[in-house]
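Inside the fold
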Amino acid sequence: MKIFLDTADKLAIAQWAVTGLIDGVTTNPTHLAKEKKSPKELVQEICTLLPQGEISVEVTEKEPDKVYAQALKIAALHQNILVKIPCHKDYYGVIEKLVNDGIKINVTLVFTVVQALFMCKLGVVYISPFVGRWDDIDAHGGDVLFEIREMIDQYNFDTQLLAASLRSVQHVHQAILAGADAATLPIAVLEQCAAHVLTDRGIAQFDADWQKLDIKQFP
Ligand code: E4P
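All of the points below concern the structure found in this document. (Residues numbered from 1 in each chain as written. Predicted model: local features only at pLDDT ≥ 70, side-chain atom pairs only at ≥ 80, totals over all residues. Heavy atoms only, no water.)

**Topic: the overall build of the protein**
Scanning the protein from N- to C-terminus turns up 11 helices and eight strands. Oriented by its inertia axes, the alpha-carbon framework of the protein measures out at about 70 × 40 × 30 Å. Relative to its full complement of 219 residues, the protein shows a buried share of 42%. In the protein, once contacts between residues fewer than 6 apart in sequence are set aside, the share between residues at least 24 apart is 57%. In the structure as shown, the protein presents an accessible area of about 12100 Å², 55% of it carried by carbon and sulfur atoms. For the protein, the centre of its 20 positive side-chain charges and the centre of its 28 negative side-chain charges are spaced 6 Å apart. (Helix = DSSP H or I, 4+ residues; strand = E, 2+ residues; numbered from the N terminus. Buried < 20%, exposed > 50% of the residue type's maximum accessible area, 1.4 Å probe, protein only. Contact = heavy atoms within 4.5 Å. Areas by Shrake-Rupley, 256 points an atom, 1.4 Å probe, with all protein chains shown as cover. Lys, Arg positive; Asp, Glu negative; His and termini not counted. Charge placed at Lys NZ, Arg CZ, Asp CG, Glu CD.)

And the structure:
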C-alpha cells in the first residue's frame with residue numbers, strides 16, 4: 001500500500017521524505033491556503049522534495065472548460081503530478097477528455113461505490129473515497145472502502161483505491177484491511193500510527209538491562 005502525506009506543509013514533507021516510507025503527497029485547496037507561499041511555487045517545491053513521488057494537486061476552477069484548461073496547466077508543472085478533480089457530473093466529460101490526453105487523474109470527494117464505479121469506467125488513476133467526512137455525518141466511512149475494493153476487483157478495473165480523509169489510526173487500520181492501494185495520512189495521524197507505547201517501553205527496558213552489563217563495545 002502506498003503512503004501519501006495529506007498536507008502541503010513543506011517542512012513536514014521534507015522530514016518524512018527521508019524515511020523512505022512516503023510515496024507521494026495529496027494537496028488540496030485547503031492545505032495550500034494554509035501555507036504562506038505562492039501555491040504554484042509550493043507545488044513545485046513539493047515535487048522536488050519527493051522526486052519519485054506522486055503529487056496530487058486539485059483544480060480550483062468551477063466551469064468545466066476552465067477546469068480542463070487548468071488541469072492541463074497543473075499537469076504541466078511537473079511530470080509527477082496527478083490532477084485532482086471533484087467527483088461531480090459537471091466534470092465527467094472533462095475527466096474523460098483529460099484521461100484521453102494522458103493526464104493522470106485522482107478523482108476526489110468520492111463517497112459511494114456507484115460514484116467510484118463511474119470514475120473507474122472513465123479510466124482515472126485513483127479514486128479518493130473520503131472516510132472521515134462520512135463519519136462526520138454519523139455513517140461508517142470505513143465500509144465504503146471495503147465496498148469499493150470489492151467493486152474494483154469484481155470488474156477488474158485498473159483504477160486504484162486511495163483512502164482519503166483519514167482522521168485516526170483506526171481509519172488507517174480500516175484502509176489496510178480493505179486492501180486500499182494507497183492511503184493519504186495527515187501528519188498527525190502518521191505520527192500516531194508510527195508510535196506505540198509498548199515499543200517505547202520495550203526500548204527503555206532493553207536499554208536499562210543492557211546498561212547493567214557496563215561494557216563499552218559490542219560486538
Ligand atoms: C485528500 O485527498 C483529501 O484532500 C483529504 O484527505 C481530506 O481530508 P479531510 O476530510 O480530513 O479534510
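**Some remarks on the pattern of salt bridges**
If the charged atoms of two oppositely charged side chains come close together, the side chains can form a pair. Under the counting rule described, the total for this entry stands at 11 salt bridges. Of the charged contacts, one joins Glu 54 and Lys 2 as a salt bridge, the two residues approaching to 3.1 Å between their closest N and O atoms. In this pair, Glu 54 sits in strand β3 (residues 54-58) while Lys 2 sits in strand β1 (residues 2-5), placing the two residues 52 residues apart along the sequence. The network of salt bridges with common partners includes Lys 10, Lys 37, Glu 41 and Glu 45. (Salt bridge = Lys/Arg side-chain N within 4 Å of Asp/Glu carboxyl O.)

**Regarding the packing of aromatic side chains**
Taken as a whole and assessed by the stated rule, the structure comprises six aromatic pairs. On the numbers, 5.8 Å between centres and 90° between planes, the contact of Phe 4 with Tyr 126 is edge-to-face. Here the residue Phe 4 occupies a position in strand β1, and Tyr 126 occupies one in strand β6 (residues 126-129), the gap between them amounting to 122 residues. Looking at Phe 4, the relative accessible area reads 1%, which means it is buried. Centre to centre, the rings of Tyr 92 and Phe 118 are 6.2 Å apart; their planes meet at 80°, and the pair counts as edge-to-face. With Tyr 92 in helix α5 (residues 92-100) and Phe 118 in helix α6 (residues 113-121), the pair connects residues that are 26 residues apart, well separated along the chain. Residue Tyr 92 is classed as partly exposed on the basis of its relative accessible area, which comes to 27%. For Phe 118, a relative accessible area of 38% corresponds to the partly exposed category. Cluster of aromatic residues (ring-pair linked, three or more members): Phe 111, Phe 130 and Trp 134. (Phe/Tyr/Trp six-rings, centres within 6.5 Å; stacked < 30°, edge-to-face > 60°.)

**Description of the nonpolar core**
In terms of nonpolar packing, the biggest core is built from 57 residues, with Val 83, Ile 85, Ile 105, Val 107, Ile 127 and Ile 148 touching the most fellow members. Ile 85 has contacts with Val 59, Val 67, Tyr 91, Val 94, Ile 95, Leu 98, Ile 105, Asn 106, Val 107 and Thr 108, leaving out every residue within four places of it along the chain. Within the second largest apolar cluster, five residues are counted, among which are Phe 4, Leu 82, Tyr 126 and Ala 182. (Core = buried A, V, L, I, M, F, W, Y, C linked by side-chain atoms within 4.5 Å.)

**A short note on α5**
Those residues of α5 that sit buried are Val 94, Ile 95 and Leu 98. Projected down its long axis, α5 carries its buried residues within an arc of 100°, all on one side. Each element contacted by the buried residues of α5 is listed here: α4 (64-76), β4 (81-86), β5 (105-110) and α6. Within two residues after α5, Gly 102 carries a phi angle of roughly 90°, on the positive side. (Arc of directions from axis to C-beta.)

**Focus on the site of the ligand**
If you check the shell around the ligand, you find Asp 6, Thr 26, Asn 28, Lys 84, Phe 130, Arg 133, Ala 164, Ser 165, Arg 167 and Thr 184 and nothing else. Take Arg 133: an N or O atom from its side chain is 2.6 Å from an oxygen atom of the ligand. For the ligand, the accessible surface in isolation is 340 Å², of which the surrounding protein chains cover 87%. (Near = heavy atom within 4 Å. Polar contact = N/O pair within 3.5 Å; in protein donor to acceptor, adjacent residues only side chain to side chain.)

Honestly, it's all geometry; don't read function into it.
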